[in-house]
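# Overview (structure and organization)
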Amino acid sequence: MCSKFREIIGEIHERIINRDLKNYPERSYLIFYTIIGDIFSTSDLYHLVVTPTLIVIGETFETLSINKKIDHLFSGIYLLDLLLQYQRISKRIIPEAINFLERAFLTLIPEPEKIKEFNQLSTTSVSPSTTTYTIKKTEIIDSLTYSTLPILKLSNIGDKSIEQRKKLLIKLISVLENYVIEIFKEKTSFLELVQPFIIILKHLVKYYASFTPIPSLLSKIQNLVNITERERVPL
(Lines give C-alpha, C1' and ligand atoms only; values in the text may rest on other atoms or scores of the structure.)
Protein backbone atom coordinates (compact mmCIF):
# COMPACT_ATOMS: atom_id res chain seq x y z
CA MET A 1 0.00 0.00 0.00
CA CYS A 2 2.86 2.38 0.86
CA SER A 3 4.36 1.96 -2.61
CA LYS A 4 1.12 3.01 -4.31
CA PHE A 5 0.78 6.10 -2.14
CA ARG A 6 4.41 7.00 -2.81
CA GLU A 7 3.83 6.56 -6.53
CA ILE A 8 0.94 9.03 -6.49
CA ILE A 9 2.94 11.49 -4.37
CA GLY A 10 5.82 11.22 -6.85
CA GLU A 11 3.45 12.00 -9.72
CA ILE A 12 2.14 15.07 -7.91
CA HIS A 13 5.70 16.23 -7.22
CA GLU A 14 6.56 15.91 -10.92
CA ARG A 15 3.49 17.94 -11.86
CA ILE A 16 4.53 20.71 -9.50
CA ILE A 17 8.13 20.70 -10.72
CA ASN A 18 6.95 20.85 -14.35
CA ARG A 19 4.36 23.52 -13.52
CA ASP A 20 1.62 21.24 -14.83
CA LEU A 21 -0.98 22.83 -12.57
CA LYS A 22 -4.01 23.09 -14.84
CA ASN A 23 -6.09 20.74 -12.70
CA TYR A 24 -4.11 20.82 -9.49
CA PRO A 25 -5.12 20.78 -6.76
CA GLU A 26 -8.53 19.24 -7.39
CA ARG A 27 -10.88 17.94 -4.71
CA SER A 28 -9.56 14.42 -5.28
CA TYR A 29 -6.06 15.52 -4.22
CA LEU A 30 -7.38 17.15 -1.05
CA ILE A 31 -9.22 13.93 -0.22
CA PHE A 32 -6.01 11.98 -0.97
CA TYR A 33 -4.03 14.08 1.53
CA THR A 34 -6.80 13.67 4.09
CA ILE A 35 -6.77 9.88 3.71
CA ILE A 36 -3.00 9.80 4.28
CA GLY A 37 -3.47 11.67 7.57
CA ASP A 38 -6.12 9.15 8.63
CA ILE A 39 -4.20 6.01 7.68
CA PHE A 40 -0.56 6.69 8.54
CA SER A 41 1.25 7.98 11.63
CA THR A 42 2.02 11.65 11.07
CA SER A 43 4.14 12.07 14.21
CA ASP A 44 7.17 10.04 13.08
CA LEU A 45 10.38 11.96 12.46
CA TYR A 46 10.54 10.19 9.11
CA HIS A 47 7.79 8.20 7.41
CA LEU A 48 7.90 6.65 3.93
CA VAL A 49 4.57 8.20 2.97
CA VAL A 50 3.93 11.13 5.31
CA THR A 51 7.33 12.80 4.96
CA PRO A 52 7.19 13.12 1.13
CA THR A 53 3.54 14.16 1.47
CA LEU A 54 4.53 17.04 3.74
CA ILE A 55 7.20 18.07 1.23
CA VAL A 56 4.65 18.06 -1.60
CA ILE A 57 2.10 20.00 0.45
CA GLY A 58 4.80 22.57 1.19
CA GLU A 59 5.55 22.83 -2.52
CA THR A 60 1.83 23.15 -3.19
CA PHE A 61 1.56 26.22 -0.94
CA GLU A 62 4.28 27.88 -2.98
CA THR A 63 2.52 27.29 -6.30
CA LEU A 64 -1.03 28.36 -5.45
CA SER A 65 -2.23 31.47 -7.33
CA ILE A 66 -4.59 32.60 -4.60
CA ASN A 67 -5.05 36.13 -5.94
CA LYS A 68 -6.48 34.76 -9.19
CA LYS A 69 -8.01 31.35 -8.47
CA ILE A 70 -10.58 30.87 -5.72
CA ASP A 71 -10.12 27.10 -5.80
CA HIS A 72 -6.43 27.62 -5.01
CA LEU A 73 -7.35 29.83 -2.06
CA PHE A 74 -9.87 27.28 -0.79
CA SER A 75 -7.40 24.41 -1.26
CA GLY A 76 -4.64 26.20 0.63
CA ILE A 77 -6.91 26.97 3.58
CA TYR A 78 -8.09 23.35 3.58
CA LEU A 79 -4.48 22.14 3.65
CA LEU A 80 -3.60 24.56 6.46
CA ASP A 81 -6.36 23.04 8.54
CA LEU A 82 -5.33 19.52 7.58
CA LEU A 83 -1.72 20.13 8.62
CA LEU A 84 -2.92 20.82 12.15
CA GLN A 85 -4.07 17.20 12.20
CA TYR A 86 -0.74 16.05 10.74
CA GLN A 87 1.25 18.02 13.34
CA ARG A 88 -0.98 17.50 16.39
CA ILE A 89 1.79 15.50 18.13
CA SER A 90 5.06 16.52 16.48
CA LYS A 91 4.07 20.23 16.33
CA ARG A 92 6.63 20.98 13.63
CA ILE A 93 6.81 24.38 11.97
CA ILE A 94 6.26 24.30 8.21
CA PRO A 95 7.45 27.69 6.86
CA GLU A 96 5.49 27.39 3.61
CA ALA A 97 2.28 26.93 5.59
CA ILE A 98 2.93 29.98 7.78
CA ASN A 99 3.71 32.12 4.73
CA PHE A 100 0.56 30.90 3.01
CA LEU A 101 -1.52 31.74 6.07
CA GLU A 102 -0.32 35.34 5.88
CA ARG A 103 -0.83 35.51 2.11
CA ALA A 104 -4.37 34.16 2.43
CA PHE A 105 -5.28 36.86 4.94
CA LEU A 106 -3.86 39.57 2.67
CA THR A 107 -5.91 38.18 -0.22
CA LEU A 108 -9.22 38.52 1.65
CA ILE A 109 -9.02 41.36 4.19
CA PRO A 110 -10.60 44.75 3.43
CA GLU A 111 -8.34 47.55 2.23
CA PRO A 112 -4.99 45.76 2.67
CA GLU A 113 -3.24 48.80 1.24
CA LYS A 114 -4.03 50.63 4.50
CA ILE A 115 -1.80 48.37 6.58
CA LYS A 116 0.81 50.87 7.76
CA GLU A 117 3.25 48.34 9.20
CA PHE A 118 3.46 46.28 6.00
CA ASN A 119 7.27 46.34 6.23
CA GLN A 120 6.96 43.99 9.24
CA LEU A 121 5.03 41.38 7.27
CA SER A 122 6.86 38.24 6.21
CA THR A 123 5.62 37.76 2.65
CA THR A 124 5.86 41.21 1.11
CA SER A 125 8.26 44.14 1.19
CA VAL A 126 5.79 46.53 -0.44
CA SER A 127 2.35 47.71 0.58
CA PRO A 128 -0.26 44.99 -0.10
CA SER A 129 -2.88 45.78 -2.71
CA THR A 130 -6.47 44.72 -3.26
CA THR A 131 -7.08 41.45 -5.06
CA THR A 132 -9.88 39.82 -7.00
CA TYR A 133 -11.15 38.36 -3.73
CA THR A 134 -10.70 41.31 -1.38
CA ILE A 135 -13.76 41.69 0.85
CA LYS A 136 -15.15 45.23 0.71
CA LYS A 137 -15.23 47.20 3.95
CA THR A 138 -19.01 47.59 3.62
CA GLU A 139 -19.51 43.84 3.98
CA ILE A 140 -20.55 42.94 7.51
CA ILE A 141 -19.09 40.11 9.57
CA ASP A 142 -20.44 39.99 13.12
CA SER A 143 -20.96 37.45 15.88
CA LEU A 144 -24.73 37.57 15.48
CA THR A 145 -24.62 36.48 11.84
CA TYR A 146 -21.79 33.98 12.31
CA SER A 147 -22.44 32.56 15.77
CA THR A 148 -20.82 29.25 14.79
CA LEU A 149 -17.80 28.42 12.64
CA PRO A 150 -18.99 28.00 9.03
CA ILE A 151 -18.39 24.59 7.50
CA LEU A 152 -16.32 24.65 4.33
CA LYS A 153 -17.59 22.04 1.92
CA LEU A 154 -15.36 20.60 -0.80
CA SER A 155 -18.30 20.92 -3.16
CA ASN A 156 -17.91 24.72 -2.86
CA ILE A 157 -14.24 24.76 -3.84
CA GLY A 158 -14.94 27.05 -6.83
CA ASP A 159 -17.45 29.35 -5.11
CA LYS A 160 -16.39 33.01 -5.56
CA SER A 161 -19.40 34.58 -3.81
CA ILE A 162 -18.92 37.19 -1.12
CA GLU A 163 -20.61 34.90 1.37
CA GLN A 164 -18.08 32.16 0.64
CA ARG A 165 -15.18 34.60 0.95
CA LYS A 166 -16.46 35.70 4.34
CA LYS A 167 -16.54 32.06 5.40
CA LEU A 168 -12.97 31.60 4.20
CA LEU A 169 -11.82 34.61 6.24
CA ILE A 170 -13.63 33.33 9.34
CA LYS A 171 -12.01 29.93 8.81
CA LEU A 172 -8.61 31.62 8.61
CA ILE A 173 -9.23 33.26 11.98
CA SER A 174 -9.99 29.85 13.47
CA VAL A 175 -6.98 28.24 11.79
CA LEU A 176 -4.67 31.00 13.03
CA GLU A 177 -5.92 30.56 16.59
CA ASN A 178 -5.27 26.82 16.41
CA TYR A 179 -1.76 27.36 15.04
CA VAL A 180 -0.99 29.87 17.80
CA ILE A 181 -2.26 27.64 20.60
CA GLU A 182 -1.17 24.24 19.29
CA ILE A 183 2.12 24.99 17.51
CA PHE A 184 3.47 28.54 17.86
CA LYS A 185 3.07 28.93 21.61
CA GLU A 186 5.80 26.47 22.57
CA LYS A 187 8.38 27.70 20.07
CA THR A 188 11.33 29.91 20.97
CA SER A 189 10.53 31.89 17.82
CA PHE A 190 6.98 32.64 19.03
CA LEU A 191 7.41 36.42 18.96
CA GLU A 192 8.70 36.39 15.41
CA LEU A 193 6.01 33.96 14.25
CA VAL A 194 3.07 35.99 15.53
CA GLN A 195 4.28 39.51 14.68
CA PRO A 196 2.80 39.60 11.14
CA PHE A 197 -0.51 38.23 12.39
CA ILE A 198 -0.76 40.83 15.16
CA ILE A 199 -0.49 43.48 12.44
CA ILE A 200 -3.18 41.78 10.38
CA LEU A 201 -5.53 41.29 13.35
CA LYS A 202 -5.16 44.93 14.40
CA HIS A 203 -6.15 45.86 10.86
CA LEU A 204 -9.15 43.50 10.91
CA VAL A 205 -10.42 44.83 14.25
CA LYS A 206 -10.99 48.20 12.58
CA TYR A 207 -13.62 46.59 10.35
CA TYR A 208 -14.95 43.69 12.40
CA ALA A 209 -14.73 44.72 16.05
CA SER A 210 -18.21 43.25 16.57
CA PHE A 211 -17.04 39.82 15.43
CA THR A 212 -15.84 38.59 18.80
CA PRO A 213 -13.27 35.96 17.64
CA ILE A 214 -11.05 38.66 16.09
CA PRO A 215 -10.50 40.97 19.10
CA SER A 216 -10.49 37.90 21.35
CA LEU A 217 -7.68 36.26 19.37
CA LEU A 218 -5.72 39.50 19.20
CA SER A 219 -5.97 39.89 22.97
CA LYS A 220 -4.96 36.25 23.49
CA ILE A 221 -1.87 36.63 21.30
CA GLN A 222 -0.87 39.91 22.95
CA ASN A 223 -1.11 38.30 26.38
CA LEU A 224 1.10 35.43 25.21
CA VAL A 225 3.55 37.96 23.76
CA ASN A 226 3.75 39.77 27.11
CA ILE A 227 4.43 36.51 28.93
CA THR A 228 7.05 35.44 26.38
CA GLU A 229 8.85 38.78 26.51
CA ARG A 230 9.10 38.55 30.30
CA GLU A 231 10.42 35.00 30.13
CA ARG A 232 12.85 35.48 27.25
CA VAL A 233 16.37 35.72 28.60
CA PRO A 234 18.86 37.76 26.51
CA LEU A 235 21.83 35.81 25.19
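Here is a short report on the structure shown in this document. Since this is a predicted model, take the numbers as computed values, not measurements.

Across its full length, the chain carries eight helices and zero strands. A globule of 235 residues ought to have a C-alpha radius of gyration of about 18 Å, and the chain, at 18 Å, matches this closely. Reported as C-alpha extents along the three principal axes, the dimensions of the chain are approximately 50 × 50 × 35 Å. Intrachain contacts of the chain at a sequence separation of at least 6 include 71% that bridge at least 24 residues.

Pro25 follows Tyr24 through a cis peptide bond whose omega is -5°. Along the chain, Pro25 turns up in the loop between α1 (2-17) and α2 (27-39). Even without a glycine there, the phi angle at Arg19 is positive, about 60°. Summarising the element assignment, Arg19 is placed in the loop between α1 and α2. The phi dihedral of Glu111 is positive, around 45°, even though this residue is not glycine. Inspection of the secondary structure puts Glu111 in the loop between α5 (95-108) and α6 (162-182). Owing to a relative accessible area of 16%, Glu111 belongs among the buried residues under this scheme.

It is worth spelling out the nonpolar core at this point. One finds Tyr33, Phe105, Tyr179, Phe184 and Leu204 to be the most contacted residues of the largest nonpolar core, which totals 77 residues. At the level of elements, α1, α2, α3 (50-63), α4 (70-86), α5, α6, α7 (190-208) and α8 (213-231) are the ones that each hand at least two residues to this core. Looking at this core element by element, the count peaks at eleven residues for α7.

The next thing to look at is the environment of Met1. Its place among the elements puts Met1 in the segment before α1. Distance in space between the C-alpha atoms of Met1 and Val49 is 9.8 Å, their sequence separation being 48 residues. Those residues in contact with Met1 that sit more than four places away from it in its chain are Ile39 and Phe40.

Bringing the environment of Leu204 into the picture now. Tracing the chain through its elements places Leu204 in helix α7. Relative accessible area serves as the criterion here: at 0%, Leu204 is assigned to the buried category. Measuring from C-alpha to C-alpha, the distance between Leu204 and Ile12 comes to 36 Å, with 192 residues separating the pair along the chain. In contact with Leu204, other than residues within four places in its own chain, are Phe105, Ile109, Pro110, Leu169, Ile173 and Ile214.

Judged by side-chain polarity, Met1, Ile31, Ile35 and Ile39 come together as a nonpolar surface patch covering roughly 380 Å² of accessible area. Within the fold, Ile31 resides in helix α2. When its relative accessible area of 40% is taken as the criterion, Ile31 is described as partly exposed.

Okay, the pattern of salt bridges next. The final tally for this structure, using the stated rule, is seven salt bridges. With its nearest N and O atoms 3.8 Å apart, the salt bridge here joins Lys4 to Glu7. Here Lys4 and its partner Glu7 are both found in helix α1, three residues apart, which amounts to about one turn of the helix. Residue classification places Lys4 among the partly exposed residues on the basis of a relative accessible area of 48%.

Here is what the cut-offs are and how they apply
- Residues numbered from 1 in each chain as written.
- Predicted model: local features only at pLDDT ≥ 70, side-chain atom pairs only at ≥ 80, totals over all residues.
- Heavy atoms only, no water.
- Helix = DSSP H or I, 4+ residues; strand = E, 2+ residues; numbered from the N terminus.
- Rg over C-alpha atoms; globule rule 2.2 N^0.38 Å.
- Contact = heavy atoms within 4.5 Å.
- Buried < 20%, exposed > 50% of the residue type's maximum accessible area, 1.4 Å probe, protein only.
- Core = buried A, V, L, I, M, F, W, Y, C linked by side-chain atoms within 4.5 Å.
- Patch = residues over 30% accessible without salt bridge, like charges linked within 9 Å, V, L, I, M, F, W, Y side chains within 5 Å.
- Areas by Shrake-Rupley, 256 points an atom, 1.4 Å probe, with all protein chains shown as cover.
- Salt bridge = Lys/Arg side-chain N within 4 Å of Asp/Glu carboxyl O.

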